[in-house]
Structure formats: structure tokens, C-alpha cells
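Coordinate inspection notes
Okay, here's what each chain looks like letter by letter:
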Amino acid sequence: MARGIAVQDGSLGEEIVRRINELGAISEDAGKLTRIYLSKELRTAADLILGWMREAGMRAHLDAIGNVCGRYEGERPGLPCLMLGSHYDTVRDAGKWDGPLGVITAIACIAELNRRGTRLPFAIEVIGFADEEGVRFASTLLGSRAVAGTFDESVLNARDRDGVSMRDALVQFGLDPDHIGAAARTRRELLAYLELHIEQGPVLEAQNLSVGVVSAIAGATRLAARLTGMAGHAGTVPMALRRDALTGAAECIGAIEQFCRTDEGGLVGTVGYVHAKPGATNVIPGEVSFTIDMRAPTDMHRKRAVADVVRQIEAIARRRQLSLQLDVTHENRTAPCAPWLKDQIAQAIAAEGFAVFELASGAGHDGMAMIDIADVAMIFVRCRGGISHHPDEHVEPADADVGARVLLRVIENFRLREGS
């Protein structure tokens, strides 16, 4: 679909955009969107989404971790479900589309089925995960990990920047931290998990395509590095005698960038945080901390790349006479999308008259947790400029409509995996 084509009145896209804007107005910050886990704004958003689910013909409730859950029964009650979902929390100063597009589009599809009086030989569940971004307690995928039964209860003791523990925040939200296990689902309850999401990158736009089939969700390794040298006077220590931690960190950062730039297999590396001490203009930095985030389409590729980068950092530290502490703070394995589900998405895209294009997701998604209890797949929707996690994040109404039509077609024609 070309960018300039208008969405017809009464289309799914029109309703989706209206609700995206309504949900995007719920924020703790005036003038920008911030909606973090277990905040009063998240509760307001949850109540709004629950209302939409009920209007669409679903039974809806808030589960033990704060996920919003709706169920549309099949031809008879109690059938296993096709689960559709995404998240409704945001980063700070966020865009409106990351996460909510998947939740709202799924609700719109169910509403259309309900309007027609259509029941299918399986149930459909829609879930809005309460925490995917991990902003408040520095631990991602809390909502989907609870549903997958892999929630780490040690996170309950984590504290936010105001010193509030997750355990206390759950109580304040009206939930019982001792009953999070009640959110867990089993493999026999789910036929599959599908997620529609904005691409968060520029590939579909470069291909002039509204939608794409996701091949896999790339795994990620995050490390925290600390280089320690010797602080000293900026005017009295000769350059040849310095043990400058910041210039050492700069060399490490340059090496990471160069290593990833020359890789031809989709490897990406990011240093997103740097902190130098003592942080004075006229003092040689004696200690520098920085983070490393590395992602690749396969686990083997990523692990080899991380090992190579670590060796380079160690060599730089030795040559510069800096001590090094390097810790892995996060590791998520790659989540491949199931071929049988990808095929059904591809068929739906082709049936809607669009070219089928497959691409990997460099960003993490709830499917990384859900793969423990179900086969997973994703539909990507084009976003303007590939911009995400930013107020300029935007999806054209026409593209939102295409995404909804594709998802609805997948639902209506959903077939179980052969041998199931």
C-alpha cells in the first residue's frame, strides 16, 4: 500500500489510531508519554483496555502480575486458545505505538469477529503484558515471564529509583506478590502465540512495504564494564605516564563499533551508558563504567562475537595498565519464529495483495518469554523512519489497517500445526 492512500471511514485502522491516541494520553509526565510498571497511570490504562476487551465481546480481567487478559470463546467453552498479545507499558518519553499497537489491533480483530457473530474451533485470548520494557525494576519481560511460568521471584526485592520494592509496588497496585504464580499458563492451553508490533527499524520502509514476517527475535547479551586507572592532575601528569580510564574506555568503545561494523551477519553492538569519575574538568579520569549491548540473529554468532569483543577489551586494558571488571548483566537467547506460523502469516499477507518479506527483529519482544510454552510468530508493521522509543514514533493509519487485515485473516484461517 502506498503511503498516500487514505484509510476508508469505519476501517479497522481508523479505530486503531483513535484508541492509540486515547491510550497515549495516559502518562505520568505532562507533554510526553511515560507509563511504567505498577504506576497509577498503568492502572488507568489497564482499566481502559479491559473496557475495550469487554466491548469486543471478551471476558476480561487483570491477572496476578498486572497483565490485562481477554478471552473470546470458540464454538464451545473451554477450548485451547490462539493467544495474541503485546505490552502496554512504555519507556520514558516514549512513542505511542510500541506495544499498544499489538494489543489494540488484536482487540479490533476480535470485535470484528464478534460483530459478525463468528465463533471458531478454538478460543482466542488477547493479553496486554504489564511490563516488557523493564524500566522500573531493571528486569524485562516481567509480564510474559509470569505467564510462561518463568518469573524469577528474586525480582520482587528489586527497588525502583525511589526505593520502592516491586513487592510493595504490587501491593499498592492491588495485587498479591505471593500469588504471581497464578498468572502462569501451560502449553496445553495455548495453540500458539502471535504478536503484531511496529518494526522499530527502517527495513520495511526501505522495501516500501506495510508489513513483514518476522523470522526470529534476536538474542541479546548485556555487559557492565569498569576500567580503573589512576586519577591525577590534568596539568602535571605527563601523557606517557597516565593511566587514563576514560581514554581506555574510548578505545574499547571504538573497537566495539569497528568489530560490529565489519561483521556481515547482522551483528549490532551498542555502548549506551558511560560514567567517568571523578568527573572534573581538570582531573584525569581514574575510573570509568560503561555498558555493552550486543545482538545477533543466532545465539552462536552472538556468543562468539561477545567472546571476541571481551578479548579485545582485555587486551586494551592490559596495554594501558588499567584494571578491568566485566560482568554479564543480561542474556536472552534468540527466539526463532515457528515455520508453520510464518507460513500462515505469509499466506495472509499475499492474500491481501502484498509482497511477502521476511526480516529478523533486533529488538526484544514478549515472544522471547512465551516461546517456553508455545510456538511464536510475529507480524511487523512499518513505522516512519524506523524511529522507536521516541516521541516521533509513528505508524500511518493505512499501514495500521493493513496490519489489522492481515492479523484478522490469520485468525480466521488459522490451522493447527500438522501432527498436533
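Relevant structure appears above.
Predicted model only: the values in this text are computed from it and were never measured.

Within the sequence span of helix α5 (residues 166-173), burial applies to M166, A169, L170 and F173. All buried residues of α5 fall inside an arc of 100° around its axis, so they share one side. On its buried face, α5 is in contact with α2 (40-55), β1 (59-62) and α4 (142-148). Just past α5, the residue G174 takes up positive phi, approximately 100°.

Across the junction of K277 and P278, the peptide omega takes the value 5°, indicating a cis bond. Relative to the helices and strands, P278 resides in the loop between β10 (274-277) and β11 (283-284). Not every positive phi belongs to a glycine, and L141 is a case in point at roughly 60°. In this fold, L141 is placed in the loop between β4 (123-129) and α4. A relative accessible area of 2% places L141 in the buried class.

On to the packing of aromatic side chains. In this structure the tally under the stated criterion is four aromatic pairs. Note on Y37 and F137: the rings are 6.4 Å apart at their centroids and 85° apart in plane angle, and the pair reads as edge-to-face. Here Y37, found in the loop between α1 (12-24) and α2, pairs with F137, found in the loop between β4 and α4; they are 100 residues apart in sequence, far enough to count as distant. Each ring, one from W340 and one from F414, has its centre 5.9 Å from the other, and the planes form 50°; the classification is tilted. Note that W340 is positioned in helix α9 (residues 339-351) and F414 in the segment after α11 (397-412), a separation of 74 residues in sequence. Note on accessibility: W340 and F414 belong to one class, buried. Among the aromatic side chains, those forming a connected cluster through ring pairs are F122, W340 and F414. The side chain of R43 reaches across the aromatic face of F173, ending 5.4 Å from its centre.

Along the chain, the position of R19 falls in helix α1. On the basis of relative accessible area, R19 is assigned to the buried category, the value being 8%. Beyond its immediate chain neighbours, meaning those up to four positions away, R19 contacts W52, E55, I104 and I107.

We now examine the nonpolar core. Here is a general trend for soluble globular proteins: nonpolar side chains tend to be buried in one another's company. Y37 and M166 are the most contacted members of the largest nonpolar core, which has 110 residues in total. Of the residues forming this core, the biggest block, nine residues, is contributed by helix α3 (residues 100-116). Grouped together as the second largest cluster of nonpolar side chains are 24 residues, C252, A255, I256 and L322 included.

A separate point is the environment of R18. Looking at the element boundaries, R18 is found in helix α1. Separated by 48 residues in sequence, R18 and G66 have C-alpha atoms that sit 24 Å apart.

Calculation rules
- Residues numbered from 1 in each chain as written.
- Predicted model: local features only at pLDDT ≥ 70, side-chain atom pairs only at ≥ 80, totals over all residues.
- Heavy atoms only, no water.
- Buried < 20%, exposed > 50% of the residue type's maximum accessible area, 1.4 Å probe, protein only.
- Helix = DSSP H or I, 4+ residues; strand = E, 2+ residues; numbered from the N terminus.
- Arc of directions from axis to C-beta.
- Contact = heavy atoms within 4.5 Å.
- Phe/Tyr/Trp six-rings, centres within 6.5 Å; stacked < 30°, edge-to-face > 60°.
- Lys NZ or Arg CZ within 6 Å of the ring centre and 35° of its normal.
- Core = buried A, V, L, I, M, F, W, Y, C linked by side-chain atoms within 4.5 Å.

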